[in-house]
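The primary structure of each chain is shown beneath.
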Amino acid sequence: MDISFSDEDKLHTGVEVEGAVRETMQSLVKWTSINSIIGFVSLGLSLISGFVTYNRASFFNDTENMILMAISLISFALNLIINISLFNFSRQLKLALANDDQQAFEHAAGHIKNYFRMFMIMIIIVVVFAVVTGVMNGMK
Amino acid sequence: MNDNFNEVTKDLLNEDGLRIDESNSKELKDAATWSRSIAILTIVFIALALLISLISPLRYLTVLAGETYVMVVAVACLAVVGTIVYSLNQFGNNMRNAVDGEDQDLFEKGAGNLKLYMIVLCICVALSFISSLYSFFNTINTSL
């Protein structure tokens, strides 16, 4: 018995991650991994530099330095979350492509969404901080 | 015959391979929306910064324009930010349209835009890493 189907008979399956898209995604995994690893190492270096600077005896006597430290900590935390999201995206996408794991692909999509969301929050904070600093400098 | 039937059914249902389904399409559309928002916010922020530089009594741009080195760095920075904004905006547009219209070509373009963004970001992160490394050794040297 020979079974044949026309294009109209085929069930609707939507967009597929095959061929050129798969190759692009594999390349994406490589670049996001590099990004997140360099990001983690940079954050580690910044943390050590921060501790060395903040441990100086006179540092905590100045209010401006305390504000600077608070801003640095917030920036560090946001950067850490962004890097974790990027790293998780890379890991889940690699898993999804290797095993054709639909659930891992869904997790990867969730992580890239989180990455962009946190990036947006960081940009808003930077903009607000720049505006506040500008206004304060203008008032002096 | 049974094997042949299973193979044909599997192919029709696309059980092998990854695809965009209802649950991950929502996440991808949200990611596209956020990336477009970032692009728009960055454009607004750069436009505001340029406007302030132009109308400021300190005339930042006039002072900077005299320094060739500063101008080269400023143009390079603008080119990098421009590429990032372009790739984010295109990723947002292409991914949203690909998911809505179930368009394979647009999905491919969207993935390409995300890859371009990651490559440019990688260059920025590498430069930031060199700066962190320099600052790290500077701090260690001063504290010793």
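Relevant structure appears above.
Residues numbered from 1 in each chain as written. Chains lettered and ligands numbered in written order. Predicted model: local features only at pLDDT ≥ 70, side-chain atom pairs only at ≥ 80, totals over all residues.

Trainee: Hey, could you run me through the overall build of chain B in this one?
Mentor: Across its full length, chain B holds five helices and one strand. Ordering the α and β elements of chain B from the N terminus gives α-β-α-α-α-α. Within the span of chain B, comprising 144 residues, buried residues form 24% of the whole. If you take every contact in chain B between residues at least 6 apart in sequence, the share linking residues at least 24 apart comes to 62%. (Helix = DSSP H or I, 4+ residues; strand = E, 2+ residues; numbered from the N terminus. Buried ≥ 20, exposed ≤ 12 C-beta atoms within 10 Å, placed from the backbone. Contact = placed C-beta atoms within 7 Å.)

Trainee: Quick question: what am I supposed to make of the overall build of chain A here?
Mentor: The secondary structure content of chain A amounts to three helices and one strand. The helix and strand sequence of chain A, counted from the amino end, reads β-α-α-α. Contacts spanning at least 24 positions in sequence make up 67% of the contacts within chain A whose residues lie at least 6 apart.

Trainee: I keep staring at unusual backbone geometry and nothing clicks. Help me out?
Mentor: A negative phi holds for most residues other than glycine; trans holds for most peptide bonds. The phi dihedral of D100 of chain A falls on the positive side, at around 50°, and the residue is not glycine. On the basis of neighbour count, D100 of chain A is assigned to the partly exposed category, with 15 C-beta atoms found within 10 Å.

Trainee: Where do I start with the nonpolar core in this structure?
Mentor: Generally speaking, soluble globular proteins have nonpolar side chains that are buried together. One finds M25, L28, L93 and Y115 of chain A to be the most contacted residues of the largest nonpolar core, which totals 42 residues. Breaking this core down by element, the ones donating at least two residues are α1 (20–54), α2 (63–99) and α3 (102–139) of chain A together with α2 (22–55), α4 (68–101) and α5 (104–143) of chain B. Those residues in contact with M25 of chain A, other than ones at most four positions away along the chain, are V17, L93 and L97 of chain A together with A111 of chain B. (Core = buried A, V, L, I, M, F, W, Y, C linked by C-beta atoms within 7 Å.)

Trainee: Would you mind showing me how to read the interface of chain A and chain B here?
Mentor: Accessible area lost when the parts come together is the quantity often used to give the size of an interface. Counting residues at the interface gives 46 residues for chain A, matched by 49 residues for chain B. Listed by contribution, the elements that provide at least two residues to the side of chain A that touches chain B are β1 (16–17), α1 and α3 of chain A. Counting residues per element, the side of chain A that touches chain B draws most heavily on α1 of chain A, which supplies 20 residues. In the side of chain A that touches chain B, the residues fall into 26 nonpolar, 13 polar and seven charged. Two elements, β1 of chain A and strand β1 (residues 18–19) of chain B, share two bridges in a ladder whose sense is antiparallel. The residue of β1 of chain B that forms the bridge with E16 of chain A is R19 of chain B. (Nonpolar A, V, L, I, M, F, W, Y, C, P; charged D, E, K, R; others polar. Pairing = 2+ DSSP bridges.)

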